[in-house]
Each structure stands twice: as C-alpha cells, then as structure tokens.
Amino acid sequence: MLPPELQPRVYRPPYVSSSSSATDNPTLSSSFNGVYSPDRNPNPNPTSLTLNSSPDSSFTSRSSRSLKDSRYSPSSSFIYNGRVAVALVPCAAFMLDLGGTPVVATLTLGLMCSYILDSLDFKPGAFFGVWFSLIAAQIAFFFSSELFTAFNSVLLGLLAAFLCAEVNFLIGVWSSLQFRWVQIENPSIVLALERLLFACVPLAASSLLAWLAVSAVGMANASYYLMILNCVFYWLYSIPRLSSFKSRQDSGYHGGEMPDDMFILGPLESCLHTLNLLFFPLVFHIVSHYPIVFSSAAAISDLFLLFFLPFLFQLYASTRNALWWVSKDQGQLRSIQIMNGAIALVVVVICLEVRVVFHSFGRYIQVPSPFSYFLVTMTMLGGTAAACAYALDMVADASSSLLFTAIAFIVSAAGAVVVGFPVWLLPVPAAAGFNLARSFTKKSLPSYFVFVVLGSMSFMWFVRHNFWDLNIWLAGMSLKSFCKFIVASVVLTLSIPGMTTFPPKFKFLIEASLISHAVLLCHIENKFFNYSSIFYYGLEDDVMYPSYMVIMTTLVGLTVTKKLLADGRIRPKAVWILACLYSAKLAMLFITSKSVVWLSALLLLAVSPPLLLYKDKSKTTPKMKPWQGYAHGVVVAISVWFCRETIFEALQWLAGRPPSDSLLVGSCVVLIGVACIPIVAFHFSHVMVAKRWLLLVLVLGLLLAFMQPPIPLSWAYRSDFIKTARITGDDISIYGFVAVKPTWPSWILLSAIMLTLAGVTSVIPVKYIVELRTLYAIAIGVALGVYVSAEYFLQTVVLQALIIVTMICSSVFIIFTHFPSASSTKLLPWVFALLVALFPVTYLMEGQLRVKNIMDNGVAGDAVEEDTKLTTILTLEGARTSLLGLYAAIFMLIALEIKFELASIMREKAVERGVVRLNQSRQSSTATFLPKLRFMQQRRASAVPAFTIKRIAAEGAWMPSVGNVATVLCFAICLILNNNLTGGSNRAIFLLAPILLLLNQDSEFIAGFSDKQRYFPVTVVISVYLILMALYSIWEEVWHGNPGWGLEIGGADWFFAVKNVALLILTFPSHILFNQFVWGYTKQKGYAPLLTLPLNLPSIIITDIIKVKILGLLDAARSPGTGTASFFIS
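As the structure is a prediction and not an experimental result, all values here were calculated from the model.

Scanning the protein from N- to C-terminus turns up 44 helices and 4 strands. The proportion of buried residues among the 1130 residues of the protein is 42%. Nonlocal contacts in the protein, meaning residues at least 24 apart in sequence, comprise 73% of its contacts between residues at least 6 apart. In the form shown here, the protein has an accessible surface area of approximately 60300 Å², with 69% of it arising from carbon and sulfur atoms.

Shown next, in the form of structure tokens:
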C-alpha cells in the first residue's frame, strides 16, 4: 500500500496529523475511520450535487450547502489547551518571577474576585475580572520589575516590556476562550481569538523562553536554544490544525480532504511561521555575535547549522502537511522534500564534522589529515543518507536494497578505519554493518543478532583500546569499572530492538533487559552527576555531567516505554518499574545526595501501584481489596521512613539550613498521607472512614511541620548523615545564641485541634453518644485552657484555673449547642452566664495577681525603679490585651454558632411547611403520590434533630438572647482592643461593625428586629461611633486642662470648636435619612437624599477633624445611592 502522500485524491484517507492526539481532536477522530466512504461525494464542487434529481441526492445537496454556509459549532469547546499551556505556563511563571511579590499579590487578588463572581454565576463579571486582573498585574509588573536596569539599555528594556505585555495579552486571550458564553454569543470573535492565539504564541513564547534559557545558562549557545524552541512551537502550532469551533461534518466531502477554511491558520500566518523558523535564530546569532561571526571555521559552521537544521526540520514537518500553503500537488512537494533535503543534509553533515567531530572528538581519529576528512565525511554522510532513505521508504526493491547494504558495509568499514581498527579486525565492523542492513532489508532476526554480537565486539575493542589502560578514578571508582558498565549498557541497548520481535511468551526477556538497562543507566548517571571529582596522577578536577542529559535520557526512556506498552511488547508491571526508575533520576537535579536516585525509586515504587496497576479490574467493584490497601499503606510508610535522609536533604535545600526534628517527622507524615491519596481516591472512594482517617493523617503532618512541637530523639531517629548535618561550627557565629522557649504547650494545642477534627469528621462518634460528647467537650476545653495558660499566663496558678474553667465552659456550650441533648437546653444558659461572669473576674484577677507577685519579689513602694514600673505596666497591659482577645474570640464563636443553629432551624421549618403544603394540595390524589417523594418526606422527617422549632419555643428561647449578648460583648471588647492597640483607628469601625450582623430577633432585647433590618445596626453604629469620636477629637483639641481665654467667646479654641461642631451637625440629615432607609427600605419623600447632598460639601472641604471629613465623604457617597434606590422602590 502506498503512503498517504502518494495516494490519489479520491482514495486518500482524510488527513489527520499524527501529532494530533485524540485529546486534541476528539470530534475529528470520531468522525473519520481512516477509509474512504462511498457515501461521501469526492467531487469538491458542491454545485454538481444538484444535477441528481433523486430525493436522497437533493437532501444531501441541501444538507451540504447548509453545513457549508454555517460551519460554526457552538457546542464545541477549545480543545488545544494542552498545546497552549506548554508555551504560556512557563512564560507566566517566568514573568511572575520577574515581577515579584507585587505582581503575585495583584494577580491573586484579582483572580480570587473573578472566581467569586464566577461562583455566583455572574459570567461577564468573571470575564472582565480576569482581564482587569491581567491589566493590573501588567501595570504592577512595569513598576516592580527591573528590566531597564537589567538590560542597561532603554531600547532593550522597552522591547522586553513589550514582549511581556504581549505574552500577558495572549494569556488573556487564552482565558477568554474558556468562557462558553463568549463562544455562544460571539462566534466570529472566538474564531478570531483562536487564530490570533495560534499565530502569535509561537513567536512570543519562543522569545521569552529563550530569554529564560539565557538567564539560566548564559549567552554562548542562545541561538541554538531559540532554534530548538522555534522547532518545538512550529510543530505544535504550525502543523495544520482543525479549528475547535467549526463543525466537522464537512470533512467527509472533498475526497476526504479538509477545506482550507477549516484550519486555524491561513497561508499568511503559516508563511510567517516558516520565515521565523528559518531566519530568526540566524539573525539573532549574527546580531548577538557579530564580532566573531566569521572568525573561524566553527563560527561559520554555526551560521550554516542555524539555517539548515531548521530547514531540515521544516522539510520533515512538510510530511505532516506543513507546506499546504505552498502547493497541493503531492508529487511537487515530494520532489521539494527530496532535493532540498539532500542539499541541506550535505551541508549539515559537513558543518557537524567541523563543529563537533573534529572539534570535540579529534583525539579519537587515528587517520592523518588529508584522509581523515574524506573518511569521516564518507562515514557520516553515507550513514545519514542510508538512514534517511530507509525512513522515507526508498529502499523498496532489489537494486535499492543492494545499494543500501553496500553503503552500510562501506560506512562501517570507513568508520572502523577512522577510529583506528587494525586491518585484520576490519571485517568485524564491516560484517556488523552488512548484517544490520540485511536485517532491515530481509527482516532477518538472526542477522540482527549477528550485528549485535559483532557490534558489541567492535565497541569493546574501541573501549579497551582508548580507555582500558588509563589510571583514572571517577567518583571513587576506577575507569575500568565504568567501562564495564557502559559496555553492558550498550549491549543491552543493541539487543532490546531485536527482542521486541520475539513471541509474546518471551516478553519477560524484553522486560528484564529494559529494567536492567534502566538500572545501569541510573547507576551510571548517578555516579557521573553526583560524584563530581576525577583523580588522575594526583590531580583533581571537576567533571560536569550536564543536567540536560539527565532530562533527555529520562524523556527518551519514558517515551520508549510508552511506545512498547502501546504495541503490546511489555506488560503494565514492567511499565510501572521502568517509569519509577526513569522518573527517580530527576531527583538528582534538585538534591545532591549520593543515594537520592535509589531512595526516590523506592518511594515511587511504593506510591505508584494504585496509579499504574490494578487497571484491569471491574469498575463496579473495588479495584483493590481491603487487605491490599492496608498492605500498600504499610509499604508507603516503610518507604518514607527509609527515605528520611532524602526528605531531610530536600527540606535543607528548601530552607537553607537543617530542619528541626518535628519538621522532619511532620514532612514524613504528610508525604505518607499524600502517597496514600491515590489508594483512597481511585480504589476506596466509597469508603468514608478511609477518607476521614486520611484527612487526619494529613492534618497531623501539617500541624507537626508548622507548630514544630518538641519530639523525643527516639521518635525522629537520626542517622549518621543527619547528625553530621546538624553539627556545624558556624551555627553560633551565623545565627548567634537563640533563646530556648518551652514548646511543650504546642502538643496540647495539637491534641485539641486533632480532637476537634476527629469530632467533626465523626471519627469520634460524639454526635450519637451524650456521655462521650461530654467527655469530648471537657477534654477539648482542658486542652485549650492548658495551652493558653502555659503559653501566655505562666505566673499565677489561680488565673490558670480560671482560664481552664472558661475554656471548658466555652467548649461545652458550643458543642452542646451544635449537638444538643435532652437536658442541654436547660443547662446551657447557666453555662453561658458562668462564662460571662468569669470575664470580669479573670480580667481584674490578672492585674491584681501580677502586681502581688511583683510586690512579693521585694519590689514595692519607693524602691520600685522607673524602668521596673514601666516594665510592669507594659506587661500588665499586654496580659490584659491577651485576655480581651481571648474573650472576644470566645464570644464571636458563640455568636456564630447560635446564628448558624438558628438559620438551620428556620431552614428546616421552611422545608417542613413546604412538605405540609404539598401534602395538603395532593390529598385528593394520594394514590398517585410519587414513591420517591414519599420516601424523601419520610427521610426528612426522620432526619430532623431533636432541637426543632417546638423545642426552641419551649426550652430554647434563650438562644437569640444569648447570641445577642455574645455579639454585643464581642463588639465592645473589639472596640476596647482597637483603642488599646491602634489608639482608636478610624478605619477599624468599618471592620468591626459587621460583627453586629450576628444579632438575632428575640423577645427581650430586640423584639422588633427582623431579617429586613439586619444591616441597620451596622450603619447606625458606624455613624454614632464616628460622631462620638469627632466630638472627642474636638474636645481634645480645645481642652488642655486650663484653657484660659481660648474658650471664651471669640477665642481661637472657641472658634475651632464652633466651626467643627457646626460642620458635624451638617452631616446629620444625610445620616438620619440613610439609616431610616436601611431600617425599612421604604420610599423616601421627594428628593430628600439628593437635597441633603450639598450639606456635606462644607464638611469635606472646611473641617479640621478627619472624622468629620470621613462622615461627609460617607454621606456624599451614600446619598446618590439612597436616592436612586428609593426612586425604584414602589
């Protein structure tokens, strides 16, 4: 069968790029089967369909015209997110690093607002929120980044800023394509945005990522980095892709060939991408290296390579229809590929000889100068030509096979002569080349293994002749040992391709060879990368194994493994082991431990089975049995324990100093929890107990890592490596002496948090057992009380007892309010009364006991020095502030709990009323009552807790009053704290006033207060607070103890006071009208809110008191809103 490029148009399968996966083109892959359908008319001219007079053909004609007229598919979504993310996500990360904290903070805040708007189903707001976030982040980037300083050039700085702005704009375009409402309402804009994205991303992303590469590794090879990036993005974006938003039904016509307007890019964009691919790296190299462009043969070779390597890549991409805009004639394109490819191949091979072979490997060429150039050229050019001919299926008949075999024979012999093979040994490499060519042309497996044997013998001779006798030690190992490993790796590499043709029963040989090769590769790279010393005759030097080699071998290994699995050559268990081994090598790039590869492999082998294995089980039953889940969890824990040194090094690398024992243990626990997530998520997602225990493990690890309680030495067993890392003589000189603070109370807080979480997740069944609930509440109260006492009030035992009792009362009240019992509704008001009574007692007791302790220490009366008095006052004020903060938090939590419970009760009451009303409306049709609805009603009735509306009316009427008392006390304490900590900040009232939203309607204090007036206390308190603070500020300004004549009529202070009080009074009408409107939301008479607006202007302009100015600004801002809202109220 001919390849698709040479088939006739009528019988050629519809073009689908091999690089476009089913994920990228799901509709396309489902629409075509790769064969020509006789139902599709191969004639590309739709008018010819109307010549058929049959009804079927008429219908086909009409449907074809309608599809051609409207190809937009609003039901589609953007399917190229993966390709765009490959380019824009690294660019975004680099720009965030350049912008720093201001850009990150601005973008985070903006995207949070957009997320909130999207969650509220306000899609246009979320759309514009994303764009405003990106614009604000770009503005912050301009001011926070140091582009002009870094480049030391205004022009380069402007170009860099423009590039970053362009990438930011493309990120916004990509975000816009994710909104479905934009796709539905603006189809033409969506198509234009998709085209703009594919046209601009390759140009902008390659430049920005080349900038990143230059920043990381230097400018020497920057042109080659840019060339590689251009090739990658050309393959991702310039190969013809079908639009995500156009209907695929038309693709069945035109002989299976896609119309040009179905592609995202047009001829102009494709031409620009080709020009960028061919010329931009070359021009960039000339501009950046113009002093040395023609200084040597190697420099001139760089110029040719930077043009002809992308040119070869372009010709290869043309086999995927990349040059569709040049010609549709496949024969013409074939001739272009062959002729231009041959010329480019010759130039590239010659330049590689100059730039690489003779420059870096000249010492291994054993042939004198005139002949070495000829033989090396013959070897490289002949081998490359033969490989390309076979890849292009040009070796198809007997004559081409004979020529291919002859070239392989000659190339092998010439290569052997170049590296110095003796004449009597030349038949070995020549025979190896002959058998390799014969295995390809004749499909002979014995010939291939003959090539493996002869090729291995040739490589062994080369290694022994050049390296065996050198007295060099690499990484604590002689060079001979390394040679043995490398030879074994090469033998396995040559053998594995032949093993892939074995019958299925010999799969174990392929798997064993692949795993052995992966282990050898890990060992060799670990030695070369982590052991950086070389010893040769007493001289030491550094050996650099480049990081990109580790990445490249990892990617190649994973790609080959995936390909072999897809072809059915290996089984999933072998893929599991190989993936873990290849991925473990990447840990070397971050951690310099000599055993990091093997420990990482062990950890990956323990973590990955739930992801890579158990894939053949039924979906209706658990894929993993319970005992297997427990076994995997134990294996994960043991593996993490063995990897503690690697975790220690990772934490040390992140923090810059050795981590503490608790941080190490907490990180290990977190890693165990994270490693067990796949077990629970993929195999036991229906088991709630497993999810709850997994959450407890994760939270425990995080608490250990962040709180860092003291851990006994036996808990965090330190190996010799960890002990050595902690013994550093420079710690004291660098960090100085650090005062040791008792950290054991953190264990108490950790226990309280874990108990709370266990109760919330029902691991401890406090919801169903009253006695257990009581013990649970007391335990949490004691734990929190002991922690607060030991952490902040260590001096007095009586005060500690009072704090513990306070915390016990708070815990009991909150827990039994959330999970009430039969008698809790009668006892909880007394518990709250005791809590309120303890507040002033504890506050006054704290000061008295602290002063008494100071006097008992012998420092009293006149003997007290001034500094001791000051210290005592500051300590007393700090302790009392801590107590106020503690009680404010307690009352806030009680108010929140009561508000939540009341809202839940009212919601249940509304549901009950709805069910009763539904039953009354359907009494006449009970026979047809839906069983599902009846079941829901019974379930809801059984699920209503004991604390219902009737119970609250009879026994729980105290809840709204208690909630109001707690809210008022919390607000009052917060006002005191504001005065103590900030001196009475004006802005604090806007943050503290919303506390009053927790007020409830009760029958004692706020009888007429309903949900409609819930915002009235907030606005009234803000107004009253600012008015009182304004009057107090005026009093402070004019009253100085003995003001004298200043307060007399006509004095300066008198004039100041009268002016500002009058300006303050001018703000009253607007405040009164606004608060009246907030109370009832009724229509205001006339235009009163707007008429009072001018009264606030003098208060804003003339006043000397900032509080009065704030009041005027508030009124000026609220009056138009009040008037507008009142106008629309009927």
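Further remarks concern the environment of S327. Considering the arrangement of structural elements, one finds S327 in the loop between α12 (297–318) and α13 (330–360). The buried category is assigned to S327, whose relative accessible area is 12%. With sequence-adjacent residues up to four places away left out, S327 is seen in contact with Q332 and L333. Within polar-contact distance, the side chain of S327 engages the backbone nitrogen of D329 at 3.1 Å.

Further remarks concern a nonpolar patch on the surface. Together, F128, F132, I135, I139, F142 and F143 line one region of the surface with nonpolar side chains, adding up to about 690 Å² of accessible area. Residue placement: I135 occurs in helix α5 (residues 123–144). Exposure remark for I135: the relative accessible area of 44% places this residue in the partly exposed category.

Moving on, we get to the side chain of H517. Its place among the elements puts H517 in helix α19 (residues 507–530). Polar side-chain contacts of H517 include one of 3.4 Å to the side chain of S489. Setting aside residues up to four positions removed in sequence, H517 forms contacts with S489, L492, T493, I496 and Y582.

Running from amino to carboxyl end, helix α17 (residues 445–466) crosses helix α18 (residues 479–499) at an angle of 165°, the nearest separation of the two axes being 10 Å. As summarised for this structure, α17 and α18 are arranged roughly antiparallel, according to the angle between their axes. Crossing of α17 against α18: the hand is right-handed. Residues L445, Y448, F449, F451, V452, G455, S456, F459, M460 and V463 of α17 touch α18, and the partners they reach there are C483, I486, V487, V490, V491, L494, S495, P497, G498 and M499. Partitioned by chemical class, the residues of the contact of α17 with α18 number 16 nonpolar, 4 polar and no charged.

This part is about the packing of aromatic side chains. Within the structure shown, the criterion is met by 34 aromatic pairs. Ring centres of Y390 and F404 lie 5.8 Å apart, and the angle between their planes is 25°; this geometry places the pair in the stacked category. With Y390 in helix α14 (residues 369–391) and F404 in helix α15 (residues 398–418), the pair connects residues that are 14 residues apart, well separated along the chain. For Y390, a relative accessible area of 26% corresponds to the partly exposed category. By relative accessible area, which is 9% here, F404 ends up buried.

What follows deals with the environment of K826. Checked against the element boundaries, K826 lands in helix α33 (residues 824–856). Sequence separation between K826 and W958 is 132 residues, and the spatial gap between their C-alpha atoms is 9.4 Å.

Attention shifts here to the pattern of salt bridges. Enumeration over the complete set of coordinates arrives at 5 salt bridges. D302 is the partner of R355 in a salt bridge, and the nearest nitrogen-oxygen pair spans 2.7 Å. Separated by 53 residues along the polypeptide, R355 in helix α13 and D302 in helix α12 bring together distant segments of the chain. A relative accessible area of 24% means that R355 is categorised as partly exposed.

The subject of this paragraph is the side chain of S176. Relative to the assigned elements, S176 resides in helix α7 (residues 154–176). When near neighbours in sequence (up to four residues on either side) are disregarded, S176 contacts F127, W131, V182 and L193.

The next point concerns the packing of α18 against α19. When two helices pack together, their arrangement is given by the angle between the helix axes and the distance between those axes. For the pair α18 and α19, the least separation of the axes is 9 Å and the interaxial angle reads 150°. By the criterion of interaxial angle, the relationship of α18 to α19 is roughly antiparallel. Crossing of α18 against α19: the hand is left-handed. Residue-level inspection shows F482, F485, I486, A488, S489, L492, T493, I496 and M499 of α18 in contact with α19, the latter providing L509, I510, S513, L514, S516, H517, L520, H523, I524, K527 and F528. Looking at side-chain class alone, the contact of α18 with α19 contains 13 nonpolar, 6 polar and 1 charged residues.

Take the environment of L750 next. Considering the arrangement of structural elements, one finds L750 in helix α30 (residues 745–760). Using a relative accessible area of 4% as the deciding quantity, one classes L750 as buried. For the pair L750 and A783, spaced 33 residues apart in sequence, the C-alpha separation works out to 9.0 Å.

Here we come to the state of the cysteines. In the structure shown here, the tally under the stated rule is 0 disulfides. Between C91, a cysteine without a disulfide, and C164, which holds the nearest cysteine sulfur, the sulfur-to-sulfur distance is 9.2 Å. Note on C91: relative accessible area 0%, which makes it buried.

Across the protein, the average pLDDT comes to 76, with 75% of residues at 70 or higher. Counted against residues more than four places away or in other chains, residues 533–543, with its pLDDT under 50, gives 22 contacts. Within the model, the stretch residues 858–864 combines pLDDT values under 50 with 5 contacts to residues more than four positions away or in other chains.

Let's shift gears to the nonpolar core. Counting 70 residues, the largest nonpolar core has I803, F813, Y887, F891, I894, I973 and L1026 as its most contacted members. Within the second largest apolar cluster, 57 residues are counted, among which are F78, L147, C164 and V173.

With 21 residues, α18 extends 30 Å between its outermost C-alpha atoms, agreeing within 8% with the 30 Å of an ideal straight helix rising 1.5 Å per residue. Within the sequence span of α18, burial applies to L479, F482, C483, V487, S489, L492, S495, I496, G498 and M499.

Let us look at unusual backbone geometry. The residue N321 is not glycine, and still its phi comes out positive at about 70°. Relative to the helices and strands, N321 is located in the loop between α12 and α13.

Thresholds, definitions, all that
Residues numbered from 1 in each chain as written. Predicted model: local features only at pLDDT ≥ 70, side-chain atom pairs only at ≥ 80, totals over all residues. Heavy atoms only, no water. Helix = DSSP H or I, 4+ residues; strand = E, 2+ residues; numbered from the N terminus. Buried < 20%, exposed > 50% of the residue type's maximum accessible area, 1.4 Å probe, protein only. Contact = heavy atoms within 4.5 Å. Areas by Shrake-Rupley, 256 points an atom, 1.4 Å probe, with all protein chains shown as cover. Polar contact = N/O pair within 3.5 Å; in protein donor to acceptor, adjacent residues only side chain to side chain. Patch = residues over 30% accessible without salt bridge, like charges linked within 9 Å, V, L, I, M, F, W, Y side chains within 5 Å. Salt bridge = Lys/Arg side-chain N within 4 Å of Asp/Glu carboxyl O. Axes fitted to C-alpha atoms, helices over the stretch in contact; angles between N-to-C directions. Parallel < 35°, antiparallel > 145°, perpendicular 65-115°, else oblique. Left-handed = near helix turned anticlockwise from the far one by under 90°. Nonpolar A, V, L, I, M, F, W, Y, C, P; charged D, E, K, R; others polar. Phe/Tyr/Trp six-rings, centres within 6.5 Å; stacked < 30°, edge-to-face > 60°. Disulfide = S-S within 2.5 Å. pLDDT = per-residue confidence, 0-100. Core = buried A, V, L, I, M, F, W, Y, C linked by side-chain atoms within 4.5 Å. Expected span 1.5 Å × (residues − 1).

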